[in-house]
Amino acid sequence: MNDSASQAMHGVPLNYYIWLSSALFVIGVLGVLYRRNAIVIFMCIELMLNAVNLLLVAFSSFHNDGGGQVFVFLIMAVAAAEVAVGLAILIVIYHNTRSTDINVLNKLKW
Amino acid sequence: MTLYVFYFLSFLAVLSALMVVFSRNPIYSVLYLVITFFCVGGHYLILSAEFLFAVHIIVYAGAIMVLFLYVIMLLNLNQATEPLKTHFYRFSALISAGLLMLVIVAALRGAESAEIVFGASAEIGLVKNLGKMLFNEFLLPFEIVSILLLAAMVGAVMLGKTHMKNSSVTSEKTNGLSADPAAMNIKNAKQFTNE
């Protein structure tokens, strides 16, 4: 498994997928903390969900078990429902406050 | 060979994910996010999860991103007028994200050093096997997901309807006779649905 031929055939260590997923997840967290536009914050949440999905598929392929891929399928359905309701809420918020800036919505902040 | 494809897709995914965060225009953020989703889909193909690749492209790049673009166009946000946070908040966001990355890397360093063997798991990603698994072991979550999607659809429609009611009432109050055509349309639609 260590020689270059099998390396070229088989491929990618599982570590690399862990690093890639954690990098994507941290970029999503950074976007949530960094931006003020609520739509971009939603997109960064989608990015975090995708990072977790990618890691689930990698581990499912590694352990040769299809349960992880079924979980990813269910997570995609939950993400679609979340986006539908969230964007509807955002449209209502925009029509009440005329902006999607999250600093306008500070009534629940102590 | 697959390692180079992995490097290319990962580089593109991380770069476009960073561009999602740092580009000022929300339209550009959505387009960079589409690139990130396609790169993640390519990773699914490398991992031989073909069914998930198809579902990912259809659901994320097809449905969710179109929904985002539609909302941005509807709210007329396609210019970079968003004010940034203050320097202190942006700097502390960068610092805390870096600390989180440091914690994750320190926790997972050397956790699993085994390689994924391709070809050995090529059968589980196919539609046939995933379908069998989905309708045998995971039948209850599958049905609950259908209820969840129904609830989300009803919720989105209800939110849209209350907003239409409020805006037509306020436009009647403020504009009176000289109502703009959009409000008139909403009012007509409301009367139509009430009858």
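Predicted model only: the values in this text are computed from it and were never measured.

A. Fine view of the environment of A:Ala84. Residue and element names in this part refer to chain A. Mapped onto the fold, Ala84 is located in helix H4 (residues 67–97). What makes Ala84 buried here is the crowd of 20 C-beta atoms within 10 Å. Between the alpha carbons of Ala84 and Leu20 there is a distance of 28 Å; along the sequence they are 64 residues apart.

B. Highlighting helix H3 (residues 38–63) of chain A. Residue and element names in this part refer to chain A. Over its 26 residues, H3 extends 38 Å from the first C-alpha to the last, a length consistent with the 38 Å expected when each residue adds 1.5 Å. The element H3 is extensively covered by neighbouring structure, given that 20 of its 26 residues are classed as buried. Following H3 by one or two positions, Asn64 adopts a phi angle in the positive range, close to 60°.

C. Highlighting the environment of B:Leu31. With respect to the helices and strands, the residue B:Leu31 is situated in helix H2 (residues 26–46). In this structure, the C-alpha to C-alpha distance between B:Leu31 and B:Met19, residues 12 residues apart in sequence, is 9.7 Å.

D. Local environment of the nonpolar core. Residues A:Ile39, A:Met43, A:Leu47, A:Val57 and B:Leu52 are the most contacted members of the largest nonpolar core, which totals 63 residues. For this core, the elements supplying multiple residues, two or more each, are helix H2 (14–34), H3 and H4 of chain A together with helix H1 (2–22), H2 and helix H3 (50–74) of chain B. Here this core gets 14 residues from one element, more than from any other, and that element is H3(A). When sequence neighbours within four positions are dropped, the list of residues in contact with A:Leu47 reads A:Leu24, A:Ile27, A:Gly28, A:Gly31, B:Ala17, B:Val20, B:Leu33 and B:Thr36.

Thresholds, definitions, all that
- Residues numbered from 1 in each chain as written.
- Chains lettered and ligands numbered in written order.
- Predicted model: local features only at pLDDT ≥ 70, side-chain atom pairs only at ≥ 80, totals over all residues.
- Helix = DSSP H or I, 4+ residues; strand = E, 2+ residues; numbered from the N terminus.
- Buried ≥ 20, exposed ≤ 12 C-beta atoms within 10 Å, placed from the backbone.
- Expected span 1.5 Å × (residues − 1).
- Core = buried A, V, L, I, M, F, W, Y, C linked by C-beta atoms within 7 Å.
- Contact = placed C-beta atoms within 7 Å.

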